[in-house]
Each structure stands twice: as structure tokens, then as C-alpha cells.
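Descriptive analysis of the structure
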Amino acid sequence: MRDELLGTVKSAIHCRWNDDKNCIECLLPITLPTSKVRIKRKGIEPIAPRRTEISAEDLIEWQISYKNGKGQIIELGEILRLAYKNKLISKSDICSIIEKFENAPTFDETFYISREPSPQNLSFYGFKVLYEKTPILHLDLQDGCYIEIILKHKQKAVGYQPMVYIYIPMKNITPNLIGRAVKQKEKVIWVPRKEHILGLLKAFLLASKAHRNDIKEICLKIVKNIL
Ligand code: ADE
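The notes below deal with the structure included here. (Residues numbered from 1 in each chain as written. Predicted model: local features only at pLDDT ≥ 70, side-chain atom pairs only at ≥ 80, totals over all residues. Heavy atoms only, no water.)

Before going further, it helps to spend a moment on the overall build of the protein chain. Looking only at helices and strands, the protein chain has six helices and 14 strands in total. Expressed as a percentage of the 227 residues in the protein chain, the buried residues total 46%. When contacts within the protein chain are restricted to residue pairs at least 6 apart in sequence, those whose partners lie at least 24 apart make up 56%. Element-wise, carbon and sulfur atoms account for 52% of the exposed surface of the protein chain, whose accessible area totals about 13500 Å². Looking at charge distribution, the protein chain has the averaged site of its 37 positive side-chain charges lying 3 Å from that of its 26 negative ones. (Helix = DSSP H or I, 4+ residues; strand = E, 2+ residues; numbered from the N terminus. Buried < 20%, exposed > 50% of the residue type's maximum accessible area, 1.4 Å probe, protein only. Contact = heavy atoms within 4.5 Å. Areas by Shrake-Rupley, 256 points an atom, 1.4 Å probe, with all protein chains shown as cover. Lys, Arg positive; Asp, Glu negative; His and termini not counted. Charge placed at Lys NZ, Arg CZ, Asp CG, Glu CD.)

Let us now look at the sheet that holds strand E12 (residues 160-169). Strand order in the open sheet made by the six strands is E4-E3-E5-E12-E11-E10, with antiparallel pairing throughout. Because the sheet does not close on itself, it has two edges, and the strands there are strand E4 (45-46) and strand E10 (136-140). Note: E10 against strand E11 (residues 146-153), five bridges, orientation antiparallel. Its bridge partner lying in E11, Asp 140 is registered against Tyr 146. (Pairing = 2+ DSSP bridges.)

As a structural note, the neighbourhood of the ligand is formed by Gln 63, Ile 64, Ser 65, Tyr 66, Gln 161, Pro 162, Met 163, Val 164, Phe 204 and His 211. Within the backbone of Val 164, a nitrogen or oxygen atom sits 2.9 Å from a nitrogen atom of the ligand. His 211 places a side-chain nitrogen or oxygen 2.8 Å from a nitrogen atom of the ligand. Within the complex, 87% of the 260 Å² of free accessible area of the ligand lies under protein. (Near = heavy atom within 4 Å. Polar contact = N/O pair within 3.5 Å; in protein donor to acceptor, adjacent residues only side chain to side chain.)

Residue alternation in strand E14 (residues 187-190) divides its side chains into a buried set, Val 188 and Trp 190, and an unburied set, Lys 187 and Ile 189. Both strand E2 (residues 23-29) and E14 contribute to a ladder of four bridges, which runs antiparallel. Of the residues in E14, the one forming a bridge with Pro 29 is Lys 187. The pairing of strand E13 (residues 173-174) with E14 spans two bridges and is antiparallel. From the neighbouring strand, Ile 173 faces E14, where its bridge partner is Trp 190.

As judged from the five bridges shared by strand E1 (residues 14-18) and E2, these two strands associate in the antiparallel manner. Following the sheet pairing, Trp 17 is matched in E2 by Ile 24. Connecting the antiparallel pair E1 and E2 is a turn made up of four residues, with Asn 22 showing a positive phi of about 55°.

Attention now moves to the packing of aromatic side chains. Applying the stated criterion across every chain, the model contains six aromatic pairs. Ring geometry for Trp 62 and Trp 190: centres 6.2 Å apart, planes at 85°, overall edge-to-face. Residue Trp 62 is located in strand E5 (residues 58-62), and its partner Trp 190 is located in strand E14; the two are separated by 128 residues in the primary sequence. Between Phe 124 and Tyr 125, the aromatic rings sit 4.8 Å apart at their centres with planes inclined by 80°, giving edge-to-face as the arrangement. Look at Phe 124 and you get exposed, because its relative accessible area is 55%. (Phe/Tyr/Trp six-rings, centres within 6.5 Å; stacked < 30°, edge-to-face > 60°.)

Another point: helix H5 (residues 194-207). Counted at 1.5 Å a residue, the expected span for H5 with its 14 residues is 20 Å, and the 20 Å between its end C-alpha atoms agrees. Within H5, eleven of the 14 residues are buried, which leaves it mostly tucked inside the rest of the structure. (Expected span 1.5 Å × (residues − 1).)

Now for unusual backbone geometry. The omega torsion of the bond from Thr 174 to Pro 175 falls at -5°, within 30 degrees of zero and hence cis. Tracing the backbone through its elements, the reader meets Pro 175 in the loop between E13 and E14. Phi is positive for Glu 75, which is not a glycine, with a value near 45°. Tracing the backbone through its elements, the reader meets Glu 75 in the loop between E5 and helix H2 (76-85). A positive phi angle is found at Tyr 125, which is not glycine, with a value near 50°. By relative accessible area, which is 74% here, Tyr 125 ends up exposed.

Listed below in C-alpha cells is the structure:
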């Protein structure tokens, strides 16, 4: 039952092939505040989209996954499969990126979260003010989208957990939401292009060894036509 419920929530994000337009379409729900898709002002501050007028500077933040709890491919996994099947990306596009990062150090093993005193050693009612510094890898794409890998402490274990996000400007989605609030259960369509797909592939290859192994396995199955 729980799994079924989770399945329903997750399938709210759906990626499909549009044969007429020869492109992939991702249907993104934007009214679920705790979901993997959120609207953020300037990409930073989450907003309540049903109670806030959307501005051109807002971005959709998508914590994009590649497989679900059962190991089935979803989201980026599905995008990669559709892109390869419909020749938006080639075997050599995929394999050359994998080879390039095969032995690269990973983000989680190279960076760490640190703490610093405030610039003028500020204090607040007897407490020293410290700042936590979080490393972020930021990749700007040509159409205003960007990809980030953000380091987090693991919630239930020791070590770091890199999180991968793609940020999508409002101008890049349909329907246009700028100048109004979002309607109940409204979804938007975003069309991922080659640049986004390969950028996300690169992000997961660099994030951690576990992400690298997972995404490599998916890519190899796709190019062998097993998925
Ligand atoms: N595992 C699956 N998707 C992920 C994401 N977007 N960031 C970090 N780990 C993930």
C-alpha cells in the first residue's frame, strides 16, 4: 500500500516522447511543496506557488532521479532511454562522457562542508556567529537552465550525500505562468534537449562513486537495448 502510494506520488512526474514535435516532454507538478519539483525565487527561496504571482526570475528546481525503489528507470533514466531510442543522443555521446569521467575524482570525496567565523567576529546575545560553507558545483547551460550538485551531510549515516538539481527558468516551460499564481494541481511541460541530458549525465558521473556506478549501469543497458 505504502509503495503504491509512493508510486502514485512519484508517477506525478512523467517523461514521454512527442512524435509530432520530435522531442521529449517532461510533465512536472508544481503545486506539491514537499515534492522533488519546487518553484524557487531566483532559484534560492521556495515560494507558495498557489498564493504567489510567478515572476520571470523564478525557477523550477527539480531534484531529478534516475531509478525508483524497485530499480525501474524513471525521470533521467527514462529521458536517456527516450533520447537514445529516438536518436537525440548517440552511443558515442553517451560512451565518450562515461569514458571521460571514468577515473575522475568525485565531488563527495574532494570537497567538504566547513564552518567559518563571521567576517567581523559577530556575536548574538553571547553566541558567536558562525557560517557554514557548503560546496556547490554549478553548470550554466545555454538557455538559462543550470545544474547544481550540492553537498549535504548524510541523514542517517556518516559522510556526504551529493544532491543533483536542474533549475529551469519560467520562460522555458509551457504554459506560461509568469504574472499569475499557479492553479490547483497544475503541471507544466519542459522539453529536455541534448545539452540538458548530457549535463545531467555528467553531474551524476561526478557526484559520487555510487551515482557513477548507477548511471553507468543504466547507460550501458540503454545502449545495449536492454531497457
Ligand atoms: N539519487 C537519485 N536522484 C538523485 C539526485 N537528484 N540527487 C542525489 N541523489 C540522487
